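Structural overview
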Amino acid sequence: GLAPLDLLSSANLINYFGRASNIEKIMLTPILIQKGQSRVALYGLGHIRDERLSRCFERKDVKVARPQQHTDEWFNLFAVHQNRHERGVMGATGVKKGY
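Residues numbered from 1 in each chain as written. Predicted model: local features only at pLDDT ≥ 70, side-chain atom pairs only at ≥ 80, totals over all residues. Heavy atoms only, no water.

Scanning the model with the defined rule gives six salt bridges in all. One salt bridge connects Glu 24 with Arg 59, and the closest N-O pair in it is separated by 3.5 Å. On the criterion of sequence distance, the pair formed by Glu 24 in the loop between helix 1 (4-10) and strand 1 (26-28) and Arg 59 in the loop between helix 2 (50-58) and strand 4 (62-64) is long-range, its members being 35 residues apart. The network of salt bridges with shared partners includes Glu 24, Lys 25, Arg 52, Arg 59 and Asp 61. (Salt bridge = Lys/Arg side-chain N within 4 Å of Asp/Glu carboxyl O. Helix = DSSP H or I, 4+ residues; strand = E, 2+ residues; numbered from the N terminus.)

Right, here's the structure in full:
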């Protein structure tokens, strides 16, 4: 559905990044920030249920786009929205380390 953040983004009032259009095959594309010799590739991923995101990582259905130029000169930063509070009977499973 359409969220308020989508409306703000379409009006160019905010830079809303990290939304996965396909939650079965996730493609992460960075926002590239450069000042002088410093280069930062900022990746983001909006809320996807922990269990679903873990399955995507396990199936290797998460792809990361790399900058086209100066590929080894970028500092990569990944911001992910993930619940950490235990919920329900099983509690939050989270995303396993090592992906």
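On to helix 2, then. Every buried residue of helix 2 is accounted for by Asp 50, Leu 53, Ser 54, Cys 56 and Phe 57. Buried residues in helix 2, looked at end-on, bunch into an arc of 160°, giving them a common side. Contacts made by the buried residues of helix 2 are with strand 1, strand 3 (38-45), strand 4 and strand 5 (75-80). Phi turns positive one or two residues past the end of helix 2, at Lys 60, with a value near 60°. (Buried < 20%, exposed > 50% of the residue type's maximum accessible area, 1.4 Å probe, protein only. Arc of directions from axis to C-beta. Contact = heavy atoms within 4.5 Å.)

A cluster of nonpolar side chains, contributed by Leu 5, Leu 8, Leu 13, Ile 14 and Tyr 16, occupies part of the molecular surface with about 420 Å² of accessible area. Within the element layout of this structure, Leu 5 appears in helix 1. Taking the relative accessible area as the measure of exposure, Leu 5 reaches 38% and is therefore partly exposed. (Patch = residues over 30% accessible without salt bridge, like charges linked within 9 Å, V, L, I, M, F, W, Y side chains within 5 Å. Areas by Shrake-Rupley, 256 points an atom, 1.4 Å probe, with all protein chains shown as cover.)

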